[in-house]
There are 2 protein chains.
Amino acid sequence: MSSPSTPARGRPARLDPDRTVGTALELLDEAGLDALTMRRLADALGVQAGALYRYFATKQDLLTAMAERMLADAGTPPAAAATPDADWSERLADLARAMRAALLARRDGARVFAGTHSTGPHTLGFAETMIGVLREAGFDDRDAAHTLMAVANFTVGHTLEEQAALRPGSGDPADPERLCQAVTVTPGRFPHLATALPTLTGTDFTAGFEFGLRVLVQGLRTLDRTGHRHGYAAGHGGGGRERS
Amino acid sequence: MSSPSTPARGRPARLDPDRTVGTALELLDEAGLDALTMRRLADALGVQAGALYRYFATKQDLLTAMAERMLADAGTPPAAAATPDADWSERLADLARAMRAALLARRDGARVFAGTHSTGPHTLGFAETMIGVLREAGFDDRDAAHTLMAVANFTVGHTLEEQAALRPGSGDPADPERLCQAVTVTPGRFPHLATALPTLTGTDFTAGFEFGLRVLVQGLRTLDRTGHRHGYAAGHGGGGRERS
DNA sequence: ACCTGAACACCGTTCAAGT
DNA sequence: ACCTGAACACCGTTCAAGT
């Protein structure tokens, strides 16, 4: 069990960044973001709170490292990785789905991600993959960058709402009951909203996510056609793999 | 100046919800969300911190009231209000622009809004107006509700990034320098990202917002054509005002 | 009815001192 | 080098008591 390339010289070091982030993510799943405290995390690690600051200058840095690890493998979703010759729009959608899945995998995952700006390899790799798909499809730099931001913003925003609505009515009651009551208490004031209430307070978040994804992809497709100056247009039907 | 219908009987009441929210918004603009403390707000109001809890059961409730007031008049943007016979897509885009403008108008406005779930008249009125525009254009309940969420999520997500990037590099350095350095420090690892860097780290946020808006609207337009069961299709060109 | 004063149970962060 | 112990400067929230 003694790995030969261990550079540890002095004591075994009970604390290291990897274990700290791992325990922090476990604590997040158990107690939620609001209960994720430097003191509580230190307790779970069997250490004093001050010790955490030897590896993370600030709590924000710890949260950023957590967000970075959450996105592991999100840049290489199984579907898109297994079918590199698929339609660009399907690869794009799969990347967005992988991101949503990564955020949903942990309690308050979207909130953690939205509050940080990781520049780690996983986060950057995700962006790299997505921009790569778009550029191969003929998008120029500007459009690819803007598309990345639009899809990522939609995905994070959606998952934020999804996780807010799913947790029990603690401090900030999400849509379910509060919205319903507020609308129906004034019968004639919000007629259109009242009609749309069943969908808005429904629990089929996947349907809403797929709707937005479909709308975005369709919009991008028309952009591809009517468009600007593209060197080559691809992905109009289904095949058309392109190399180099 | 003594309004006849004032129900105040005892003392003038130095504190009231309206003034409290107003002062809180001023404090937000001056110091930012992280510095908006119940104690500091109480100081600005010339009162003890505990007194705030007679009108707001929790700080979250105060933030919700702030978010609600921010959205005042966002449901009736000048452009869309002045031209009720305009294309539905232009009215939709104007509503999104009004929402972005409302959030940008105050420091950390997007962060305050994203962290709350107001069910007040302004927030509900905004949703009502948007769903109304969509239903008049022929969208069914489900599509209208999903579109509202997609547009709102994109707008909030975009403005969140915009305000994060605009403020000085305090605790959480946004894109400008950090991202640039992280990408360029490993030359060959993120080639596509590196190409898109100028746009991603650029400061023309309006261009990025309008891009996403255009993509969403175009996607919704194709949905309108290929679509489902619509009673009537409208807004395909420009005119076509419809009443009752 | 409305607010004060003071406390309760915490926070993130720092830093001498130990080992 | 790595962690402890203890402090600093705060938090949100509650609640008897005053006026």
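Residues numbered from 1 in each chain as written. Chains lettered and ligands numbered in written order. Predicted model: local features only at pLDDT ≥ 70, side-chain atom pairs only at ≥ 80, totals over all residues. Heavy atoms only, no water.

Give me helix α2 (residues 38-45) of chain B: which residues, what numbers.
Residue and element names in this part refer to chain B. Among the residues of α2, M38, L41, A42 and L45 are the ones counted as buried. Each buried residue of α2 lies within a common arc of 100 degrees when the element is viewed along its axis, so the set occupies one face. Among the exposed residues of α2, those oriented more than 90 degrees off its buried face are R39 and D43. Elements in contact with the buried residues of α2: α1 (17-31) and α3 (59-70). Trailing α2 by a residue or two, G46 shows a phi angle of about 70 degrees, which is positive. (Buried < 20%, exposed > 50% of the residue type's maximum accessible area, 1.4 Å probe, protein only. Helix = DSSP H or I, 4+ residues; strand = E, 2+ residues; numbered from the N terminus. Arc of directions from axis to C-beta. Contact = heavy atoms within 4.5 Å.)

Could you give an account of empty space enclosed by the protein, naming the residues involved and the relevant values?
As enumerated under the stated definition, the model contains 2 cavities of 30 Å³ or more in all. Quantified by volume, the second largest cavity comes out at close to 30 Å³. Taken together, T147, A150, V151, L216 and L220 of chain A together with F211, G212 and V215 of chain B form the lining of the second largest cavity. Counting only elements with at least two residues in the lining of the second largest cavity, the list comes to α8 (141-166) and α11 (205-226) of chain A together with α11 (205-226) of chain B. A breakdown of the residues in the lining of the second largest cavity according to their chemical character gives 6 nonpolar, 2 polar and no charged. (1 Å grid on protein atoms, 1.4 Å probe; cavity = no way out; pocket = protein on both sides within 12 Å on 5 of 7 lines; lining within 4 Å. Points joined across faces, edges and corners; volume = space filled by probe spheres on them. Nonpolar A, V, L, I, M, F, W, Y, C, P; charged D, E, K, R; others polar.)

Go over the relation of the copies chain A and chain B, please, and point to the residues and values.
With an RMSD of 0.0 Å, chain A superimposes on chain B once it is rotated by 180 degrees and translated 0.0 Å along the axis. Taken together, the rotation and translation describe the operation of a two-fold axis. The position closest to the rotation axis in chain A is occupied by the C-alpha of G219 of chain A, lying 1.8 Å away. Same-surface contact between copies: 100% of interface residues of chain A are shared with the interface of chain B. (Least-squares fit on C-alpha atoms with pLDDT ≥ 70 in both.)

Would you mind going over unusual backbone geometry in detail, with residue names and values included?
In this structure, D73 of chain A is a non-glycine residue whose phi angle is positive, near 70 degrees. In this structure, D73 of chain A sits in the loop between α3 (59-70) and α4 (78-82).

Break down the protein's contact with DNA strand C for me, with residues and values.
The full set close to DNA strand C counts 18 residues, and T37, R39 and T58 of chain A together with Q48 and R54 of chain B are the nearest of them. Close to the protein, within 4 Å, the atoms of DNA strand C are drawn from sugar and phosphate at a rate of 49%. Side-chain polar atom of Y53 of chain A to a phosphate oxygen of DNA strand C: 2.8 Å apart, as the coordinates give it. Measuring from a phosphate oxygen of DNA strand C, one finds a side-chain N or O atom of Y55 of chain B at 3.3 Å. Of the residues forming the surface near DNA strand C, the biggest block, 3 residues, is contributed by helix α2 (residues 38-45) of chain A. When its residues are assigned to classes, the surface near DNA strand C shows 7 nonpolar, 4 polar and 7 charged. (Near = heavy atom within 4 Å. Polar contact = N/O pair within 3.5 Å; in protein donor to acceptor, adjacent residues only side chain to side chain.)

Pulling in residues and values, what's your account of the layout of surface pockets?
By volume, the second largest pocket is sized at about 350 Å³. In terms of lining residues, the second largest pocket is bounded by 23 residues, among which T199, L200, G202, D204 and F205 of chain A are the most central. Per-element tally for the lining of the second largest pocket: the top contributor is helix α8 (residues 141-166) of chain B, with 6 residues. Here the lining of the second largest pocket is composed, by residue class, of 11 nonpolar, 8 polar and 4 charged.

Mind laying out the nonpolar core, listing which residues take part and the relevant values?
Of all hydrophobic cores here, the largest spans 134 residues; its most connected members are M66 of chain A together with M66 of chain B. When residues no more than four places from it in sequence are discounted, the contact partners of M66 of chain B are V21, A24, L25, L28, L36 and V112 of chain B. (Core = buried A, V, L, I, M, F, W, Y, C linked by side-chain atoms within 4.5 Å.)

Lay out the domain arrangement of chain A with the relevant residues and their values.
All names here are of chain A. Domain annotation of chain A identifies domain 1 (17-57) and domain 2 (79-226). In this assembly, 9 residues from domain 1 lie in contact with 6 residues from domain 2. Between domain 1 and domain 2 lies a buried interface of about 660 Å² when both sides are counted; carbon and sulfur atoms form 45% of it. On the domain 1 side of the interface with domain 2, the three residues burying the most area are L28, D29 and L33, jointly 64% of the side's total. For the interface between domain 1 and domain 2, the tally reads 2 salt bridges. Where D34 meets R111, a salt bridge forms, and the shortest distance between an N and an O atom there is 2.7 Å. At the junction of domain 1 and domain 2, the tally comes to 5 residue pairs in polar contact (both at pLDDT 80 or more). Looking at the side of domain 1 that touches domain 2, its residues break down into 4 nonpolar, 1 polar and 4 charged. (Domains from an automatic or database assignment. Buried area = accessible area lost by both parts, 1.4 Å probe. Salt bridge = Lys/Arg side-chain N within 4 Å of Asp/Glu carboxyl O.)

Explain the protein's contact with DNA strand D to me, using residue names and the numbers behind them.
Within the structure, DNA strand D sits among 18 residues, and Q48 and R54 of chain A together with T37, R39 and T58 of chain B are positioned closest to it. Measuring from a phosphate oxygen of DNA strand D, one finds a backbone N or O atom of L15 of chain A at 3.1 Å. No other element matches α2 of chain B, which puts 3 residues into the surface near DNA strand D. Grouping the constituent residues of the surface near DNA strand D by class yields 7 nonpolar, 4 polar and 7 charged.

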